[in-house]
Protein chains: 2
Amino acid sequence: VTQLIYDVSMSLDGFTTGPNVRPEEPMGDGGEALHEWMAGRTDFHDRGGGTDAAHVDVRAELSERLGAVVVGRGTFDLGEQPWGDPPPFGVPVFVVTHRTRATEVKQGGTTYTFVIDGITAALDQARAAAAGKDVLILGGATVFQEYFRAGLVDELQIHLVPVLLHAGVRMLENLGDSNARLERTRVIESTSVTHLRFRVIR
Amino acid sequence: VTQLIYDVSMSLDGFTTGPNVRPEEPMGDGGEALHEWMAGRTDFHDRGGGTDAAHVDVRAELSERLGAVVVGRGTFDLGEQPWGDPPPFGVPVFVVTHRTRATEVKQGGTTYTFVIDGITAALDQARAAAAGKDVLILGGATVFQEYFRAGLVDELQIHLVPVLLHAGVRMLENLGDSNARLERTRVIESTSVTHLRFRVIR
C-alpha cells in the first residue's frame, strides 16, 4: 500500500539546507555536505561501523519502492536545471504551485505536472500515479511541513549527516500542535551517515 | 586521558528540555519523555532492532568512565532536591555559578563545589578531580554551548529519542562560528533510542 514518505538528509543540528539558498548554491551555504554520501564521496571522518555498501542499499531500496514524487515549487525551480534530462526520478513528479504551467514529459519516465489546487490534490494525483508504490516528498522542508500538519505523512527517513550548518531551513519545526508520535522502525549505519526511519502514529 | 563529554538525551527535533522548565517539571512540558529510557521504561513503540539490554550497557559504560561532573547553576538548582542524598553521581560535581556557596559533601562520594570564576576554572578543577577519567557536562544545553564555543568539548553522546517536543531548549545552537567538525564514532541502537557518539575535531 502506498506510503507518503519524507526522505531527506539532515544535519545533526536539524537543517535540510544551509542558509542563502540560490540558483548557484541550491543547497545553501555548506548544504552540499548533506548530499555527499549520495554521490559516494566518503571523505567524512568515520571510525564507526558503517560501510559504503550501506549507502548503496539505502538508495536502491528507495528507487525500488518509488512510484511518484511531490515537490514544492521552490525546490522544483532550483532543481529543474541541475536535474537535467533524463531527470533522476523516472516516475511522475507533481509540483505544488500557485502558478500553473503545462505538463512536461521528460526522458526515462519522468513527467512534471503542476498542481495548483493544493497539497491534497497533488497527493491524490501522486497516489494514483504511484499505483501501489510509495510517494516521496522531495526537497526543502516547507512542503513536508504542510503535509505533516495535515496529518498526511506516513513515514520519515532521515539521513543524519554529522555536520553542523548553524543556520538554514529546519526540518522539524512548524509541525502544528498535533500529537503525532513517532515509532522508530529502522537504523542503518553507513559510512558516517545514520539512516533513521520512523513511522508517524496518530 | 580525560575527555570532556556532553552526554544528553535529545528529542528528534533537537530539544534537550521542553518548554516551561520549572521546579515541578524540571524537564519542561513533555520533556520527561526524554529520560524514560534511563528508567527502563520501554513503552515506546519500537519495531526496530534495539534491545533493552543496550540501555543498560550505555549507562554502565558512562558510570565506569565517570570521574567528575560540571553543571550549570540552573540545572543544579532544579536538580538538587530530586537528586537527593546520596545523589546519583558518586563523584565530585562542579557547579558553574555567579553566586558562591560552601562546598557540600553528600553521601556516596558526591561533593558539590561552587565555582564562580568561569567555565574554564570549573573544568580545570573537574579534570584534576577526575584523575584520568572523563568529565561529563550535565543538564540543559546552555553550559554545554559555552564549553563548545570555547573549543573545550571533546565528545558528544546524544541519546536520540523519537519524540517531538516542538519547543524548549535546543541542544545544537549558539555554537559560535567555529569550524568544528564532527566524526561519528559509534551508533548503538536500544529500544526506540539511538545512541550516537561523536568526536569534535578542530
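The shown structure was predicted, so the numbers you read here are calculated from the model rather than taken from an experiment. Sequence order as written defines residue numbering, which begins from 1 separately in each chain. Working convention: letters from A go to chains and numbers from 1 go to ligands, in the order in which they are written. Owing to the predicted nature of the model, reporting of local features is limited to residues with pLDDT of at least 70; listing and counting of side-chain atom pairs is limited to 80 or more, with chain, interface and lining totals taken over all residues. Side-chain measures were taken over the full set of non-hydrogen atoms in the model, leaving aside hydrogen atoms and water.

Undergrad: Would you take a moment to explain the pattern of salt bridges for this structure?
TA: A pair can form between side chains of opposite charge whenever their charged atoms are brought close. Salt-bridge detection follows one rule: a side-chain nitrogen of Lys or Arg within 4 Å of a carboxyl oxygen of Asp or Glu. Applying the stated rule across the entire model yields 30 salt bridges over all chains. In this structure, R184(B) engages E189(A) in a salt bridge whose closest nitrogen and oxygen atoms are separated by 3.8 Å. Highlighted residues: R184(B) in strand β10 (residues 181–189) and E189(A) in strand β10 (residues 181–189), drawn from two different chains. Taking the relative accessible area as the measure of exposure, R184(B) reaches 0% and is therefore buried. R99(B) is the partner of D77(B) in a salt bridge, and the nearest nitrogen-oxygen pair spans 3.5 Å. Residue D77(B) is located in helix α2 (residues 73–83), and its partner R99(B) is located in the loop between β4 (92–96) and β5 (104–105); the two are separated by 22 residues in the primary sequence. When accessible area is computed with a 1.4 Å probe and restricted to protein chains, residues below 20% of their type maximum are described as buried, those above 50% as exposed, and intermediate ones as partly exposed. On the accessibility criterion, R99(B) (48% relative accessible area) is partly exposed. Three or more residues joined by partner-sharing salt bridges are found here, namely E61(A), E155(A), R186(A), R197(A) and R199(A). Helix and strand definitions follow DSSP, with helices as H or I runs of at least four residues and strands as E runs of at least two, each counted in order from the N terminus.

Undergrad: What exactly am I supposed to notice about the interface of chain B and chain A here?
TA: A common way to state how big an interface is: give the accessible area lost once the parts meet. We call two residues contacting when some pair of their heavy atoms lies within 4.5 Å. On the side of chain A, 37 residues touch chain B, which itself brings 37 residues to the contact. Here's the idea: put two parts together, see how much 1.4 Å probe accessible area each one loses, and the total over both is what we call buried area. At the boundary of chain B with chain A, total buried surface from both sides reaches about 3,100 Å², with 55% on carbon and sulfur atoms. Measuring nitrogen to oxygen at the nearest pair gives 3.7 Å for the salt bridge that ties R170(B) to E173(A). Of all the secondary structure elements, the ones that give two or more residues to the side of chain B that touches chain A are β8 (155–161), β10 and β11 (194–201) of chain B. It is β10(B) that contributes the most residues to the side of chain B that touches chain A, 7 residues altogether.

Undergrad: How should the packing of aromatic side chains be read in this particular structure?
TA: What describes a pair of aromatic rings is the distance from one ring centre to the other and the angle between the planes of the rings. Aromatic pairs are defined between Phe, Tyr and Trp rings, using the six-membered ring for Trp, whenever the two ring centres lie within 6.5 Å; interplanar angles under 30 degrees are classed as stacked, those over 60 as edge-to-face, and all others as tilted. With the rule as written, the count across this model stands at 14 aromatic pairs over all chains. Here F76(B) and Y112(B) contribute two aromatic rings whose centre-to-centre distance is 4.9 Å and whose plane-to-plane angle is 80 degrees, an arrangement assigned as edge-to-face. In this pair, F76(B) is assigned in helix α2 and Y112(B) in strand β6 (residues 111–115), connecting sequence segments 36 residues apart. Across the pair, Y112(B) and F76(B) agree in class, each one buried. For the pair W83(B) and F89(B), a centre-to-centre distance of 4.9 Å together with 80 degrees between the ring planes defines the contact as edge-to-face. The class for F89(B) is buried, based on a relative accessible area of 14%. Grouped by ring-pair contacts, the aromatic residues F76(A), W83(A), F89(A), Y112(A) and F114(A) constitute a single cluster. In this structure, R202(A) is placed above the aromatic ring of F148(A), and the distance from its NZ or CZ to the ring centre is 4.9 Å. Any Lys NZ or Arg CZ that is within 6 Å of a ring centre and within 35 degrees of that ring's normal is treated as a charge sitting over the ring.

Undergrad: Whenever I open this one, the relation of the copies chain B and chain A confuses me. Can you help?
TA: Two copies of a chain can be linked by a rotation about an axis combined with a shift along that same axis. Alignment of copies: least-squares fit on C-alpha atoms of residues with pLDDT of at least 70 in both copies. When chain B is brought onto chain A, the operation consists of a screw motion whose angular component is 180 degrees and whose axial shift is 0.0 Å, with 0.0 Å RMSD remaining. Taken together, the rotation and translation describe the operation of a two-fold axis. Among all residues of chain B, the one whose C-alpha sits closest to the rotation axis is G14(B), at a distance of 3.4 Å. Most of the interface of chain B is mirrored in chain A, where 100% of its interface residues again form contacts.

Undergrad: Even after reading the chapter, I still don't get the sheet that holds strand β7 (residues 134–138) of chain A, so can you show me in this structure?
TA: Strand pairing in a sheet takes place through backbone hydrogen bonds and is either antiparallel or parallel in direction. All names here are of chain A. Think of it this way: DSSP has to see at least two bridges between two strands before they count as a pair. Taken in spatial order, the 9 strands line up as β5-β6-β4-β3-β7-β1-β8-β11-β10 in an open sheet, and their pairing is mixed. Looking at which strands have only one partner, the edges of the open sheet turn out to be β5 (104–105) and β10. In the sheet, strand β1 (residues 4–11) pairs with strand β8 (residues 155–161) via 7 bridges, with the strands oriented parallel. The residue bridging S9 from the neighbouring strand is H159, located in β8.

Undergrad: Just to check I follow, could you spell out the sheet that holds strand β1 (residues 4–11) of chain B for this structure?
TA: All names here are of chain B. Here 9 strands make up an open sheet; going across it, the order is β5-β6-β4-β3-β7-β1-β8-β11-β10 and the pairing mixed. Of all the strands in the sheet, the pair left with one neighbour each is β5 and β10. Bridge count for β4 against β6 is 5 bridges, and the pairing is parallel. Residue F94 lies in a different strand from β6, and its bridge partner there is T113.

Undergrad: Honestly, the confidence of the model for chain A in this entry has me stumped. Any pointers?
TA: Low pLDDT marks stretches whose predicted atomic positions should not be read closely. Residues and elements named next belong to chain A. Across the chain, each position has a pLDDT score giving the predictor's confidence in that residue, from 0 to 100. Scored by pLDDT, chain A comes out at a mean of 91, with 94% of its residues at no less than 70. Contacts for the low-pLDDT stretch residues 42–47, under 50 throughout, to residues beyond four places or in other chains number 24 contacts. Here the predicted complex scores 0.92 on pTM and 0.91 on ipTM.

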